[in-house]
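One-letter residues, chain by chain:
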Amino acid sequence: MKIGIFDSGLGGLIIAKSLIAKLPEYDYIYLGDTARVPYGNRSQKTIYQFTEEAIRFLFNRDCELIIVACNTASAEALRKIQQNYLIERFPRRKVLGVLIPAAEESVEKTQNKKIGVLATTSTANSGAFAREVKKLMPDSQVFEHAAPLLVPLIENNGIKWSVPILEEYLKPLLDKDIDTLILGCTHYPILKSEIGEIVGDKVKVISQDEVVPNKFKNYLSRHPEIDEKITKNSEREFCVTDLTESVDSLGKKLFGQDISFKLVSLN
Ligand code: DGL
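Residues numbered from 1 in each chain as written. Predicted model: local features only at pLDDT ≥ 70, side-chain atom pairs only at ≥ 80, totals over all residues. Heavy atoms only, no water.

Okay, the sheet that holds strand S8 (residues 204-207) next. Strand order in the open sheet formed by 4 strands is S6-S5-S7-S8, with parallel pairing between adjacent strands. Edge positions in the open sheet fall to strand S6 (141-146) and S8, since each of these has one partner strand only. Adjacent strand axes in the sheet meet at a mean angle of 20°, parallel and antiparallel pairs treated alike. In this structure, strand S7 (residues 180-184) lies alongside S8, joined through 4 bridges in parallel fashion. When the sheet's bridge partners are listed, Thr 180 is paired in S8 with Lys 204. (Pairing = 2+ DSSP bridges. Helix = DSSP H or I, 4+ residues; strand = E, 2+ residues; numbered from the N terminus. Axes fitted to C-alpha atoms, helices over the stretch in contact; angles between N-to-C directions.)

Moving on: empty space enclosed by the protein. If you walk through the whole model with that rule in mind, you get 1 cavity of 30 Å³ or more. Here the largest cavity defines a volume of roughly 30 Å³. Taken together, Ile 5, Ala 16, Ile 20, Tyr 28, Tyr 30, Arg 236, Glu 237 and Phe 238 form the lining of the largest cavity. Those elements that place two or more of their residues in the lining of the largest cavity are helix H1 (13-22), strand S2 (28-32) and strand S9 (236-240). Tallying contributions element by element places S9 first for the lining of the largest cavity, with 3 residues. Class assignment of the residues belonging to the lining of the largest cavity gives a composition of 6 nonpolar, no polar and 2 charged. (1 Å grid on protein atoms, 1.4 Å probe; cavity = no way out; pocket = protein on both sides within 12 Å on 5 of 7 lines; lining within 4 Å. Points joined across faces, edges and corners; volume = space filled by probe spheres on them. Nonpolar A, V, L, I, M, F, W, Y, C, P; charged D, E, K, R; others polar.)

What follows deals with helix H11 (residues 208-222). In this model H11 runs 20 Å from its N-terminal to its C-terminal C-alpha over 15 residues, within 8% of the 21 Å that 1.5 Å per residue would give. All buried positions along H11 are accounted for by Gln 208, Asp 209, Val 211, Val 212, Pro 213, Phe 216, Tyr 219 and Leu 220. (Expected span 1.5 Å × (residues − 1). Buried < 20%, exposed > 50% of the residue type's maximum accessible area, 1.4 Å probe, protein only.)

Attention now goes to the site of the ligand. Taken together, 13 residues form the shell around the ligand, and within it Asp 7, Ser 8, Tyr 39, Gly 40 and Thr 72 come nearest. The contact in question runs from a nitrogen atom of the ligand to an N or O atom on the side chain of Asp 7, over 2.8 Å. One of the backbone nitrogen or oxygen atoms of Thr 186 is found 2.9 Å away from an oxygen atom of the ligand. Protein contacts shield 99% of the accessible area of the ligand, which totals 290 Å² for the unbound molecule. A per-class count over the shell around the ligand returns 5 nonpolar, 7 polar and 1 charged. (Near = heavy atom within 4 Å. Polar contact = N/O pair within 3.5 Å; in protein donor to acceptor, adjacent residues only side chain to side chain. Areas by Shrake-Rupley, 256 points an atom, 1.4 Å probe, with all protein chains shown as cover.)

With that settled, the discussion passes to the pairing of S2. Of all the 5 residues making up S2, 5 are buried; the element is thus mostly covered by neighbouring parts of the structure. Neither face of S2 is exposed, since Tyr 28, Tyr 30 and Gly 32 on one face and Ile 29 and Leu 31 on the opposite face are all buried. Pairing of strand S1 (residues 2-7) with S2 involves 5 bridges; the strand directions are parallel. Opposite Ile 3, over in S2, you have Tyr 28 as the bridge partner. Between the parallel pair S1 and S2, the chain is carried across by H1, and the sense of this crossover is right-handed. (Right-handed = clockwise from strand over helix to strand, strands pointing away.)

Along the chain, Thr 51 turns up in helix H2 (residues 44-60). In contact with Thr 51, other than residues within four places in its own chain, are Phe 6, Tyr 39, Ala 73, Ala 77 and Ile 81. (Contact = heavy atoms within 4.5 Å.)

This part takes up the environment of Ile 115. Mapped onto the elements, Ile 115 comes out in strand S5 (residues 114-119). Distance from Ile 115 to Glu 132, taken between C-alpha atoms, is 12 Å for residues 17 residues apart in sequence. With near-sequence residues (within four places) excluded, Ile 115 lies in contact with Ser 106, Thr 110, Val 133, Gln 141, Val 142, Phe 143, Ile 178, Thr 180 and Ile 182.

Rendered as structure tokens:
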């Protein structure tokens, strides 16, 4: 059986790349819902429906465990998937998200207990990061800020225009005196150096591509019963729900090498 990695589109390839680098022997299937991306400005109901379809697709493709690399889906759909859908439909399989690893890392790093989060509009409005951080550190203050222009900017070769936009998005968080910043969206690791320049040395930046692989490796070592079911032939399969030239070129940019995508349908 395999490890599934799901994202609304191609941003999750950044996490896929770092996971594969850390745990290369495992077999992976990546699914990007490129026909319906972005999820970040959609309603909770729609994000849940799309996520459930993706989870079903990956389990039917022999995944033992799925990592939801998409922060928006992790924020808006994961809890219901874990608490209802899995129990009813796939009681022995697992679905993990990317919010908790980042939340855990932020409480380890913060000293003044003021944590900022930059995310899509849906994720920021859901309050999911604040919920997870406060479970671990109830007296922390968590400030979530929506940054809706960043995903289209990254996807359309606009990184060169990102600095003034980032300054605008980061100012309200810096005004709150945060000492830790969670990058709460698949795409934002691409902007790590620009963000680091703006926030300066006093703010620790938590990037999921650095955090998730270590936490996941640790999870597998604590769950040998899951680990032994996952096949280890270094196989990779990359599926998308819409295939265009821009999928090919953005995929290459985010994953760092050419990818041969398969076009699939979730129905
Ligand atoms: N994958 C999404 C996330 O991490 C960003 C792209 C989208 O809005 O669908 O929140």
